[in-house]
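# Coordinate analysis (summary)
If you want the building blocks of each chain, they are given just below.
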Amino acid sequence: MPTQDDVLGYFNTLSNWGRWGDDDELGTLNHITDDVRLAAARAVRHGRSVSCAWEVAVPEDMERSTTTCPCAADMPGAEDMPVPGFRNDRRWGFSSERLGITFHGNTLTHVDSPCHIFWDGTMYNGRSHSLVDAATGSAWATVTAAANGIITRGVLLDIARVRDVPWLEPGQGVFPDDLEEAERRQGVRVRSGDAVLLRTGYGRVRHEAGAAGGFTQAGWHASCLPWLHEREVALIGADTPQDVQPSGYEDVLMPVHAVSLVAMGLWLLDNCDLEVCARTAAELGQWDFHLAVAPVRFAGTSGSPVNPIATF
């Protein structure tokens with residue numbers, strides 16, 4: 001078990017600052033080369049696609065800001081609209097939404113870009129947190145750095161299945177030995193440029209009992225960080241917000257978030273729903289797949305809600 005000093009040392013020993021140049025904002029997404037994408041395409045052997053995201057539902061205590069107009073004639077003031085077709089055509093209709101989303105947290109499936117977390121006032125590749133402005137957003141390492149999408153081979157490591165439990169209990173961490181045992185049992189090996197999706201079984205809990213409150217959860221233990229760095233993983237995801245909580249370190253609340261985003265430039269995929277993906281993988285006997293993650297190009301933002309698609 002790494003000590004707290006060991007974990008704090010990861011900010012130096014696992015750092016990718018300058019590895020791909022001083023102006024790099026992609027971080028570990030640089031591991032996804034053209035050859036890696038071609039190999040990901042070859043992982044499609046059955047043609048079956050599944051979503052790894054939760055449906056975005058409106059909380060019961062909020063009003064859904066959706067207006068549906070059954071036909072143009074029912075629209076107040078339609079006859080005064082400047083486009084002649086709108087005034088004359090009384091058969092068409094439309095629906096429209098105004099959306100407001102706070103995606104960071106432990107509910108919505110979303111991707112974190114490197115500017116999401118600071119450590120000692122610093123972001124990935126040594127940039128100051130002063131580059132983040134309340135009016136304009138971040139000028140560094142935002143989600144738009146991944147505008148071309150995150151297209152790579154995904155590997156699902158089903159730790160609940162490996163431990164022969166329906167789910168990991170809140171506060172239980174996942175360690176490197178768990179990752180390698182999952183590789184052995186599932187007949188797959190994580191390689192450079194892969195996205196690794198971690199199933200703790202929390203998705204099953206959430207389907208059966210609803211989302212849990214509080215800040216105690218299963219997830220990656222900080223001891224996995226050197227393993228992820230050595231394997232040159234491009235993206236990690238989980239069916240929780242990544243870090244096991246409590247982390248076990250008094251002075252590092254969320255070491256996986258902090259070291260990954262700030263030191264490694266390792267992008268995170270939080271709050272996946274991996275239940276269908278896991279059932280499909282078990283049915284087909286295939287634990288790797290083509291993974292497509294397409295963040296919305298929100299300028300200056302530290303992430304985006306996403307719908308990751310795994311194709312077997």
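A brief look at the structure comes next. (Residues numbered from 1 in each chain as written. Predicted model: local features only at pLDDT ≥ 70, side-chain atom pairs only at ≥ 80, totals over all residues. Heavy atoms only, no water.)

So, on to the side chain of H257. Within the secondary structure, H257 sits in helix α8 (residues 255-264). The contact partners of H257, leaving out residues within four places of it in the chain, are D112, H116, I117, P241, Q242, D243, V262, L268 and D270. (Helix = DSSP H or I, 4+ residues; strand = E, 2+ residues; numbered from the N terminus. Contact = heavy atoms within 4.5 Å.)

On to the pattern of salt bridges, then. Scanning the model with the defined rule gives 14 salt bridges in all. For R19, the salt bridge goes to E232, with nearest N and O atoms at 2.9 Å. Placement of R19 in the loop between α1 (4-13) and α2 (34-42) and of E232 in the loop between α7 (225-230) and β11 (235-238) is noted, with a sequence separation of 213 residues between them. Among the ionic pairs, R184 bridges to E181, the shortest N-O distance being 2.7 Å. Separated by three residues within a single helix, R184 and E181 lie in helix α5 (residues 176-186), roughly one turn from each other. Using a relative accessible area of 23% as the deciding quantity, one classes E181 as partly exposed. (Salt bridge = Lys/Arg side-chain N within 4 Å of Asp/Glu carboxyl O. Buried < 20%, exposed > 50% of the residue type's maximum accessible area, 1.4 Å probe, protein only.)

A separate point is the environment of I236. Within the secondary structure layout, I236 lies in strand β11. Remark: the alpha-carbon pair of I236 and L198, spanning 38 residues in sequence, is separated by 7.7 Å. Contacts of I236, omitting those with residues within four sequence positions, involve V196, W220, L228, Q242, V256, S260, L266, W267, L268 and L269.

Turning our eyes to something else, we now look at the side chain of R153. When you line up the elements, R153 lands in strand β7 (residues 150-158). Reaching out from R153, the side chain makes a polar contact with the side chain of D194 at a distance of 2.7 Å. A polar side-chain atom of R153 sits 3.1 Å from a polar atom in the side chain of D288. In this structure, R153 is in contact with A40, A43, V188, R189, V190, R191, D194, A195, D288 and F289, ignoring residues within four places of it in sequence. (Polar contact = N/O pair within 3.5 Å; in protein donor to acceptor, adjacent residues only side chain to side chain.)

Another aspect to go through is the environment of A135. Mapping A135 onto the fold places it in the loop between β5 (132-133) and β6 (137-138). Judged by relative accessible area, which is 71%, A135 ranks as exposed.

Another point: the packing of α1 against α8. Orientation of α1 relative to α8, taken along the N-to-C sense of each, is 15°, at an axis distance of 9 Å. Relative to α8, the element α1 is oriented roughly parallel. Remark: the crossing between α1 and α8 carries right-handed chirality. Residues V7, Y10 and F11 of α1 pack against P255, A258, V259, V262 and A263 of α8. Of the residues in the contact of α1 with α8, the class split is eight nonpolar, no polar and no charged. (Axes fitted to C-alpha atoms, helices over the stretch in contact; angles between N-to-C directions. Parallel < 35°, antiparallel > 145°, perpendicular 65-115°, else oblique. Left-handed = near helix turned anticlockwise from the far one by under 90°. Nonpolar A, V, L, I, M, F, W, Y, C, P; charged D, E, K, R; others polar.)

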